[in-house]
Amino acid sequence: MDSPVHPKRILVIGGGVCGLVSLRNLVEHGSFDEVQLVERRDDVGGVWYLDEHGTNNALEKKPRWPSPAYPGLIGNVLPEFLSFSEAPFPEPPTTPEQPFPTLKETHDYLRNFADQYLKRGKIQLNTEVLRVEELQDGTGWNVVTRDWSTAGEGKTLSNVWDGVVVCTGWYDEPLWPKTEGMDIVKEKGLAVHAKWYRGPQEYTGKRAFIIGNGNSSNDIASHLAPLAQNPVYRSIRRPSLRHFVSLPDSRIQDVAPVRRFTLQEDDKITAELQDRTIIKDIDIVFIGSGYIPNPSFLYVRNPNSPSFSLAPLMSQVSAEAPQPRRIPSLHRHILYAYNPSLAFVGSVMCFTPFTIADVSSMWLTLAWTNEVEYPSTSKDLLQFEKDRIEDIERRRGIEAQETGQEASSLFTYAALGSSEEDYAAGLKQEIVAARPELANVLPEWNDERRIWRQTMYPVKYQSLQWLKVQREKKASYEENVVINSTATY
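Cut-offs applied
Residues numbered from 1 in each chain as written. Predicted model: local features only at pLDDT ≥ 70, side-chain atom pairs only at ≥ 80, totals over all residues. Heavy atoms only, no water. Buried < 20%, exposed > 50% of the residue type's maximum accessible area, 1.4 Å probe, protein only. Helix = DSSP H or I, 4+ residues; strand = E, 2+ residues; numbered from the N terminus. Arc of directions from axis to C-beta. Contact = heavy atoms within 4.5 Å. 1 Å grid on protein atoms, 1.4 Å probe; cavity = no way out; pocket = protein on both sides within 12 Å on 5 of 7 lines; lining within 4 Å. Points joined across faces, edges and corners; volume = space filled by probe spheres on them. Nonpolar A, V, L, I, M, F, W, Y, C, P; charged D, E, K, R; others polar. Expected span 1.5 Å × (residues − 1). Bend = angle between axes of the 7 residues up to and from the residue. Phe/Tyr/Trp six-rings, centres within 6.5 Å; stacked < 30°, edge-to-face > 60°. Lys NZ or Arg CZ within 6 Å of the ring centre and 35° of its normal. Core = buried A, V, L, I, M, F, W, Y, C linked by side-chain atoms within 4.5 Å. Pairing = 2+ DSSP bridges. Axes fitted to C-alpha atoms, helices over the stretch in contact; angles between N-to-C directions.

Trainee: Quick rundown of helix H4 (residues 215–224)? Include the residues and the values.
Mentor: When we look at burial in H4, the residues that qualify are Ser217, Asn218, Ile220, Ala221 and Leu224. Along the axis of H4, the buried residues cluster in a sector spanning 165°; they form a single face. Residues of H4 that are buried make contact with strand S10 (207–211), strand S11 (229–235), strand S12 (252–255) and strand S16 (284–287).

Here it is, written out as structure tokens:
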């Protein structure tokens with residue numbers, strides 16, 4: 001690559017948070033001949049679109065891709081951090097004691113944001129991407145899609161695009177622990193990943209065991225506590241990080257990591273913990289160990305092959321490589337180093353994905369209009385990844401040395417973590433240098449904003465305390481109603 005790319009026809013893959021704001025920024029702030037977004041489901045919203053249509057019946061051919069969300073979900077990010085630039089999140093119809101938007105409120109915001117682009121034909125729903133292939137000369141991408149908008153097997157189409165933005169996020173491929181015996185428990189249907197959790201009702205009276213203490217695991221544990229057999233076991237490696245907010249509950253018992261699972265003769269489970277504790281007669285195991293980024297539809301020219309043969313993008317990083325769970329070869333977590341006409345928005349986890357997707361896609365827009373400069377060779381583009389991996393590995397080593405245990409799995413290349421504000425501020429600085437009028441459009445990322453973001457966590461804790469009181473009042477009222485209705489006079 002000797003000169004910056006300037007694609008004219010651009011395809012955005014994925015209609016969630018990252019895809020929608022990328023579409024908006026490319027359309028409204030770019031100078032491209034065509035920008036189109038495809039989404040395989042029947043509505044936009046990504047993880048915020050619950051899709052309660054139920055399972056396919058025998059006559060339906062279209063597959064389903066359910067969200068990992070569940071009924072009654074309440075977010076852990078305040079409206080200020082859920083707002084795209086020039087599109088403020090409406091004041092949610094909740095109480096001052098519970099200011100965090102619900103699943104429905106967040107989906108409504110995204111649906112309203114997308115509405116004008118749906119009407120203009122910029123978004124194609126029910127369109128599954130089957131394969132994306134880099135052309136032999138690197139001048140474009142052949143994209144094969146399947147149209148599921150009509151009954152039947154779906155119509156397959158093929159089109160060539162100058163540029164592709166992958167916005168498929170993190171929630172397709174669950175990460176399963178490699179614990180001994182997990183495969184057997186999973187095959188028996190006795191292990192459920194958080195991706196498939198839909199509520200606690202069917203586990204009433206069951207003995208439940210949860211792996212992890214992130215947001216999903218903590219939610220599942222709190223939901224199960226009033227219904228499942230007590231205690232509800234939660235297997236953790238270390239105390240929860242401050243941004244994974246949960247209330248203490250005497251019905252939830254934290255236990256050591258699992259050494260092995262074994263299946264009992266009655267098809268219940270025994271967990272042997274690393275501290276040699278044995279827990280028997282477990283009915284169900286919930287897995288809250290996260291996800292693996294895996295755009296399996298994406299094939300690129302192998303940069304190490306003389307013939308530049310096609311190979312899956314993810315084959316560029318082996319399981320033995322440092323920081324293997326990442327989208328490889330990206331400059332600034334956005335541009336593909338070997339061919340910058342391929343880009344990603346949402347390739348890394350962050351605390352405020354709405355605003356990070358906004359600034360990332362704005363930077364991409366100006367990179368593709370050649371207003372923001374970036375390195376001109378693959379070697380120089382790869383330096384960002386090399387430097388970040390070295391820094392992460394160094395810091396993980398320091399943490400392990402200081403704590404005497406393995407560094408947290410959340411301390412990883414694929415999560416911005418404490419560098420989130422610095423990362424966004426760097427992108428914004430380059431954007432504003434190219435277009436000064438955007439200085440007051442995008443948020444300001446600085447220490448003040450970092451402190452502001454961190455104040456969300458005690459606010460979330462207070463909101464959980466308030467919700468707990470409301471539930472207890474409701475339960476007490478309903479109990480009194482039952483007693484009064486059955487009294488004999």
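Picking up where we left off.
Trainee: Outline empty space enclosed by the protein, supporting the account with residue identities and numerical values.
Mentor: Applying the stated criterion to the full structure yields 1 cavity of 30 Å³ or more. Each pocket or cavity is described by its volume, and for the largest cavity that value is around 30 Å³. Lining of the largest cavity is provided by Arg326, Ile327, Leu330, His333, Ser347, Val348, Tyr413 and Ala414. Looking at the lining of the largest cavity residue by residue, the class counts come to 5 nonpolar, 2 polar and 1 charged.

Trainee: How would you explain helix H2 (residues 103–119) if you had to name every residue and give the values?
Mentor: Its 17 residues give H2 an end-to-end C-alpha distance of 24 Å, which sits within 8% of 24 Å, the value for a rise of 1.5 Å per residue. Where H2 bends most, the angle comes to about 35°, and this point is Phe113. Leu103, Glu105, Thr106, His107, Tyr109, Leu110, Phe113, Ala114 and Tyr117 are the residues of H2 that are buried. Those residues of H2 hidden inside the fold are in contact with helix H1 (17–29), strand S3 (123–124) and helix H5 (353–368). Backbone geometry just after H2 places Gly121 at a positive phi near 75°.

Trainee: Describe the packing of aromatic side chains, and please don't skip the residues or the numbers.
Mentor: One pass over the structure, following the stated rule, counts 13 aromatic pairs. Seen in terms of ring centroids, Tyr171 and Tyr291 are 4.9 Å apart; in terms of plane orientation they differ by 75°. Their pairing is edge-to-face. You can see Tyr171 sitting in the loop between strand S7 (163–166) and strand S8 (173–174) and its partner Tyr291 sitting in strand S17 (residues 291–292), a full 120 residues away along the chain. For Tyr171, a relative accessible area of 39% translates into the label partly exposed. Note on Tyr291: relative accessible area 13%, which makes it buried. Each member of the aromatic cluster is reached from another via a ring pair, and the members are Phe84, Phe89, Tyr109, Phe113 and Phe354. Residue placement shows Arg9 over the ring face of Trp161; its charged tip is 4.2 Å from the ring centre.

Trainee: Any chance you could break down the nonpolar core for me, citing the residues and the numbers?
Mentor: Phe84, Val165, Leu224, Phe286, Trp363 and Trp368 are the most contacted members of the largest nonpolar core, which has 82 residues in total. Sorting elements by how many residues they give to this core places H5 first, with 10 residues. Leu224 has contacts with Pro200, Tyr203, Ala208, Ile210, Val232 and Phe286, leaving out every residue within four places of it along the chain. Core analysis: the second largest hydrophobic core is formed by 21 residues, Ile13, Trp161, Val300 and Phe344 among them.

Trainee: Please provide a residue-by-residue account of the sheet that holds S16, values included.
Mentor: Taken in spatial order, the 5 strands of this open sheet run S9-S16-S10-S11-S12, and their pairing is parallel. Looking at which strands have only one partner, the edges of the open sheet turn out to be strand S9 (191–193) and S12. Taken over all neighbouring pairs, the strand axes of this sheet differ in orientation by 25° on average, direction set aside. Across 4 bridges, the pairing between S10 and S16 is parallel. By the bridge assignment, Ala208 is partnered in S16 with Ile284.

Trainee: Which residues make up unusual backbone geometry, and what values do they have?
Mentor: For the bond running from Asn230 to Pro231, omega is 5°, close enough to zero to count as cis. Its place among the elements puts Pro231 in strand S11. In this model, Arg332 sits at a positive phi of 60°, which is unusual for a non-glycine residue. With respect to the helices and strands, the residue Arg332 is situated in the loop between strand S20 (330–331) and strand S21 (335–336).

Trainee: Which residues make up the pairing of strand S13 (residues 258–263), and what values go with them?
Mentor: Relative to strand S14 (residues 269–273), S13 runs antiparallel, the two sharing 5 bridges. In the sheet register, Leu263 faces S14, and the bridge partner there is Ile269.

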